[in-house]
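Read off the chains here:
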Amino acid sequence: MIQAIGLTSIPRKEQPPAVDNVSFEAHAGRVTALLGAPGAGKTAALRLMLELQRGRGITYFRGRPLHRIAHPAHEVGVLLGDVPGHPARSVRGHLRMLCAASGVPARRADEVLEAVGLVSLRDERLGTLSRGMDRRLGLACALLPDPHTLVLDDPARGLTVAERRWLYDMLREHAAQGGTVLCGTADPKEAARFADHVITLDGGRIVADQRAADFARTRLRPRVAVRSPHAARLSVLLAQQARSTQRSVEVVREGGNRLCVYGSTCAEVGETAFRHGIVVHQLADEIGDMGPGAGTDAQPRQAPESRPSAENGPQPGPNPEPNPAPEPNPEPNSDPNPGPEPEAAATSDLDPDLDPDPDPDPDPDPEPETATPAPAPPEADPAASTPPESSPDVPDDASQAAPPQQQPTTTRITPPAPRPATVTLPPPVLVRPAPTPLRPVRYEIRRAAGVPTGYIVGACVLAVSALTAVLLARIGHTPQPRLLAAWPVELPLPPAALGAGLLGALAFGDEFRHPALAADRGTVPRRLGLLTAKLFVASLTALALAVLTVGCTAEMLYLVYGSELVALPADWPALTAGWLALVTGCAWAGVLAAGVFRSTTAGLAAVVAVPLLVVPAVHKITESSSLRGPRPFAGRLGDGLPLRRPFGGEQHLEALLRLLAQPVGGAMALSVLALLCAYAFTGLRSRVR
């Protein structure tokens, strides 16, 4: 059950708030529609419920606010907009990545794919999916952790009729199994078609909170849509016929050659046009929308100007007007006690289940039908076969006295009946594994290995390093360590370090660009476990890239110039440690900078800025004269420790100090420390907010 209390958004400048004191309930076992035109505030209300937007109010999901739920994905499944996945990732890989993040078994991805009908497309890339398949994938992502509540914002936007029917059947099936479904939509006919309860928003406020049957009766009114080149003449004839038979028929001119006839049927309108030789281009049943506040006000609203009335006599009701003359512009459903209305004449436009005799092709938007002249039946004349009503105050008796062919059907719209189960939800998750530190690591590995970007960057780094090493050896005057690392003196960093920094920046940059981990929030959760996993995987990737780079350059130099250029240096342990530390530090700097600035470009720029900006500054500080002695700080730090411990082990610490004494090493260490502090500060600030 969802309980939203006092949701109010923060207004911008002098504009009114998009949502103003919205409170409602969505019960379990029902599908609740949040209806509103574009700009009515339904999306802002959903974002306030999910704590994605700052404002006032609170929302309880089964008695707990969202920020008090340990694992929100296990309680609420969210679909807001398109699926924010990497276009190059496969459908199955995307779901398996989310399985690792949610802590559910990897086989859950195959179960959800089978339930939403995407088994045949599991190897397709997300960027190649159609609109309907993308909606199916979004529903699969929402159902993946087996949540109790589904919150969806206009999930059927852009779908075909068959895809909409399938989507709404899935939502009904989830509600039938005890779940709660809250779905935003802008189409009132869709809301009456699939929902059990409809909440209408207009101008950021709730104007109606009704059952689906009450909503359809008060807001959706059946009508006959007519298109004819002689629309004005046909309108006058229909009004005259209604006055002669003393029936409540309203004809609305909607501009051009289109008419909307309320209180009549297609047969009656077609017979009238045929008798008078009027050509009809369209004759179809429709559902007219009476507006957001229809049926909720006690005061009748003023009708539009271009509505000529075809009524004669007083309206049926307990308080008739003293003057029985017809109203110039009566408003449909404005009488507090209206008589029976021919509502079922267009119920097939809502849903096949609501029609007592559904059409074999239940299309909610029927095609226009062309009325062709045909021999009139003997009882086609309503004036000859329908006696006038004895009293306008007794409409029930008058409708019973009418012949069957002229009596409008008075079947009321009922809530959607349970249809045969044509969809199947994935099986429930009965046992959830306990959270482990390996869960974010598994997620990060699936995220990095699921797209070809990392492999392409690695291949480019190896190719550029090999070519650079061959060219440097041909030019000469390059030390062997730089030759093996393919690091020219003119470049601030070797290709391997730049590639490691780029892969580290992609670790957070892709998360912010395609926030699959927190699709509902459009961002990345700042958790220590996720940061540790990204740093760990980035370190492994950087170490592998560093080793492969040295091996590739050494092999190329051996093949081109022989074995004299690939001899092992005498101080290879220190050189290896420095090389691995440099590449790993670049990867860490890329990860932290992209996490702080939320951009891959910013992460790579921070990596390049270390040798260009930070290293000169550190070198200037360390080479300056000290107040306590003539030797600079770098020289004293490179001497090692002045005190020796009796148990030994100082050589490893001395090697670390000598590494930090180098300008590049010290600058990289300071940069990583500063970025780590900035990341922690931004995480604490967002948590306080």
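Scroll up to find the structure this text is about.
Residues numbered from 1 in each chain as written. Predicted model: local features only at pLDDT ≥ 70, side-chain atom pairs only at ≥ 80, totals over all residues. Heavy atoms only, no water.

Trainee: When you look at the sheet that holds strand 5 (residues 64-65) in this model, what are you seeing that I'm missing?
Mentor: In a beta sheet, neighbouring strands pair by backbone hydrogen bonds and run either parallel or antiparallel. One open sheet holds the four strands; their spatial order is 2-1-4-5, and the pairing between them is antiparallel. Edge strands, defined here as strands with exactly one partner in the open sheet, are strand 2 (22-26) and strand 5. Direction of pairing for strand 1 (residues 2-9) relative to strand 2: antiparallel, over a ladder of four bridges. In the strand pairing of strand 2, Leu7 is matched with Val22. The sheet contacts of helix 1 (residues 42-49) involve strand 1, strand 2 and strand 4 (55-61), and relative to strand 1 the element is tilted by about 115°. (Pairing = 2+ DSSP bridges. Helix = DSSP H or I, 4+ residues; strand = E, 2+ residues; numbered from the N terminus. Contact = heavy atoms within 4.5 Å. Axes fitted to C-alpha atoms, helices over the stretch in contact; angles between N-to-C directions.)

Trainee: How should I be thinking about the pattern of salt bridges in this particular structure?
Mentor: Any two side chains of opposite charge can pair if their charged atoms end up close together. All chains considered together, the criterion is met by 18 salt bridges. For the salt bridge of Asp134 with Arg135, the shortest nitrogen-to-oxygen distance reads 3.6 Å. There is no split in this pair, since Asp134 and Arg135 are both buried. Of the charged contacts, one joins Glu190 and Arg164 as a salt bridge, the two residues approaching to 2.3 Å between their closest N and O atoms. Within this pair, whereas Glu190 is found in helix 7 (residues 188-194), its partner Arg164 is found in helix 6 (residues 161-176), the two being separated by 26 residues in sequence. The exposure class of Glu190 is buried, given its relative accessible area of 3%. (Salt bridge = Lys/Arg side-chain N within 4 Å of Asp/Glu carboxyl O. Buried < 20%, exposed > 50% of the residue type's maximum accessible area, 1.4 Å probe, protein only.)

Trainee: Where do I start with the environment of Thr478 in this structure?
Mentor: Positionally, Thr478 belongs in the loop between helix 14 (453-475) and helix 15 (480-485). Thr478 sits in the partly exposed class, given a relative accessible area of 22%. Expressed as a C-alpha distance, the spacing of Thr478 and Pro488, which sit ten residues apart in the sequence, is 7.8 Å. Leaving out residues up to four positions away in the same chain, Thr478 has contacts with Leu472 and Leu483.

Trainee: Even after reading the chapter, I still don't get the packing of aromatic side chains, so can you show me in this structure?
Mentor: We describe a pair of aromatic rings using the distance from one ring centre to the other and the angle between the two ring planes. Considering all chains together, one arrives at three aromatic pairs under this definition. When the ring of Phe508 is compared with that of Phe512, the centres are 6.2 Å apart and the planes differ by 35°; the resulting orientation is tilted. One end of the pair is Phe508 and the other is Phe512, both in helix 16 (residues 495-513) and four residues apart, which spans about a single turn. Residue Phe508 is classed as buried on the basis of its relative accessible area of 1%. Since its relative accessible area comes to 15%, Phe512 is described here as buried. Taking 5.8 Å as the distance between ring centres and 40° as the angle between the ring planes, the aromatic pair formed by Phe508 and Tyr679 counts as tilted. Of this pair, Phe508 sits in helix 16 while Tyr679 sits in helix 22 (residues 663-688), and the two are 171 residues apart along the sequence. Like Phe508, the residue Tyr679 is buried in the burial classification. A cation sits over an aromatic face here: Arg482 above Trp487, 4.5 Å from the ring centre. The ring of Phe508 has Lys534 sitting right over it, with the charged end atom 5.1 Å from the ring centre. (Phe/Tyr/Trp six-rings, centres within 6.5 Å; stacked < 30°, edge-to-face > 60°. Lys NZ or Arg CZ within 6 Å of the ring centre and 35° of its normal.)

Trainee: Would you mind going over the environment of Gly203 with me for this structure?
Mentor: On the secondary structure map, Gly203 appears in the loop between strand 9 (197-202) and strand 10 (205-211). Along the chain, Gly203 and Lys42 lie 161 residues apart, while their C-alpha atoms are 9.7 Å from each other.

Trainee: Any chance you could explain a nonpolar patch on the surface here in plain terms?
Mentor: A contiguous nonpolar patch, built from Tyr558, Leu559 and Val560 and spanning about 310 Å² of accessible area, is present on the exposed surface. Among the secondary structure elements, Tyr558 is positioned in helix 17 (residues 528-561). (Patch = residues over 30% accessible without salt bridge, like charges linked within 9 Å, V, L, I, M, F, W, Y side chains within 5 Å. Areas by Shrake-Rupley, 256 points an atom, 1.4 Å probe, with all protein chains shown as cover.)

Trainee: Whenever I open this one, the side chain of Thr59 confuses me. Can you help?
Mentor: With respect to the helices and strands, Thr59 occurs in strand 4. Classification of Thr59 as buried rests on a relative accessible area of 3%. Ignoring sequence-local partners within four residues, the contact set of Thr59 consists of Ile2, Gln3, Ala4, Leu7, Met49, Arg64, Pro65 and Leu66.

Trainee: Looking at this structure, I do not really get the packing of helix 16 against helix 17. What am I missing?
Mentor: The geometry of a pair of packed helices is captured by two quantities: the angle between their axes and the separation between those axes. It is the contact of helix 16 with helix 17, at a shortest axis distance of 9 Å, that shows an interaxial angle of 155°. The angle between helix 16 and helix 17 places the two elements in the roughly antiparallel class. Between helix 16 and helix 17 the crossing geometry is right-handed. Together, Ala496, Gly499, Ala500, Leu503, Ala507, Phe508 and Glu511 of helix 16 and Leu531, Lys534, Thr541, Ala542, Leu545 and Thr549 of helix 17 make up the contact between the two elements. A class-by-class count of the residues in the contact of helix 16 with helix 17 yields eight nonpolar, three polar and two charged. (Parallel < 35°, antiparallel > 145°, perpendicular 65-115°, else oblique. Left-handed = near helix turned anticlockwise from the far one by under 90°. Nonpolar A, V, L, I, M, F, W, Y, C, P; charged D, E, K, R; others polar.)

Trainee: Even after reading the chapter, I still don't get the environment of Asp153, so can you show me in this structure?
Mentor: With respect to the helices and strands, the residue Asp153 is situated in strand 7 (residues 149-153). Asp153 gets classed as buried once you look at its relative accessible area, which sits at 11%. On a C-alpha basis, the gap between Asp153 and Ala33 in space is 9.8 Å, while along the polypeptide they are 120 residues apart. Sequence-distant contacts of Asp153, that is, excluding residues within four places in its chain, are made with Lys42, Thr43, Leu46, Leu79, Leu80 and Gly184. Only 3.0 Å separates the side chain of Asp153 from the side chain of Thr43, close enough to count as a polar contact. (Polar contact = N/O pair within 3.5 Å; in protein donor to acceptor, adjacent residues only side chain to side chain.)

Trainee: Where do I start with the nonpolar core in this structure?
Mentor: Nonpolar side chains in soluble globular proteins tend to be buried together. Of all hydrophobic cores here, the largest spans 53 residues; its most connected members are Leu95, Leu137, Leu139, Leu152, Met170 and Leu171. With seven residues, helix 5 (residues 131-143) is the largest single contributor of residues to this core. Discounting chain neighbours no more than four positions away, the residues touching Met170 are Ala115, Val116, Leu139, Leu143, Val423, Thr424 and Leu425. Membership of the second largest hydrophobic core comes to 41 residues, among which are Ala496, Ala606, Val618 and Ala667. (Core = buried A, V, L, I, M, F, W, Y, C linked by side-chain atoms within 4.5 Å.)

Trainee: Looking at this structure, I do not really get the sheet that holds strand 10. What am I missing?
Mentor: Strands sit in the order 6-7-8-3-9-10 across an open sheet of six strands; the sheet is mixed. With partners counted over all chains shown, the strands left at the sheet margins are strand 6 (76-80) and strand 10, one partner each. Put simply, the sheet's adjacent strands are angled 15° from each other on average, direction ignored. Those strands touched by helix 1 are strand 3 (31-35), strand 7, strand 8 (180-185) and strand 9, and its axis lies near 145° from that of strand 7. Lying on the sheet, helix 6 is in contact with strand 3, strand 7 and strand 8; it crosses strand 8 at an angle near 150°.

Trainee: Any chance you could explain unusual backbone geometry here in plain terms?
Mentor: Glycine aside, a negative phi is what most residues show, and trans is what most peptide bonds show. In the Ramachandran plot, Asn21 falls in the positive-phi region, its phi being about 55° despite a non-glycine side chain. Inspection of the secondary structure assignment puts Asn21 in the loop between strand 1 and strand 2. Using a relative accessible area of 52% as the deciding quantity, one classes Asn21 as exposed. For Glu51, which is not glycine, the phi dihedral falls at a positive 60°. Within the secondary structure, Glu51 is located in the loop between helix 1 and strand 4.

Trainee: Teacher, can you tell me more about the packing of helix 9 (residues 231-245) against helix 10 (residues 266-275) here?
Mentor: Contact pair helix 9 / helix 10: the axes reach a minimum separation of 10 Å and the direction vectors enclose 115°. Comparing their axes, helix 10 and helix 9 come out roughly perpendicular. In terms of crossing hand, the pair formed by helix 9 and helix 10 is right-handed. Taken together, the residues of helix 10 that come into contact with helix 9 (itself represented by Leu234, Leu237, Leu238 and Gln241) are Val269, Thr272, Ala273 and Arg275. A breakdown of the residues in the contact of helix 9 with helix 10 according to their chemical character gives five nonpolar, two polar and one charged.

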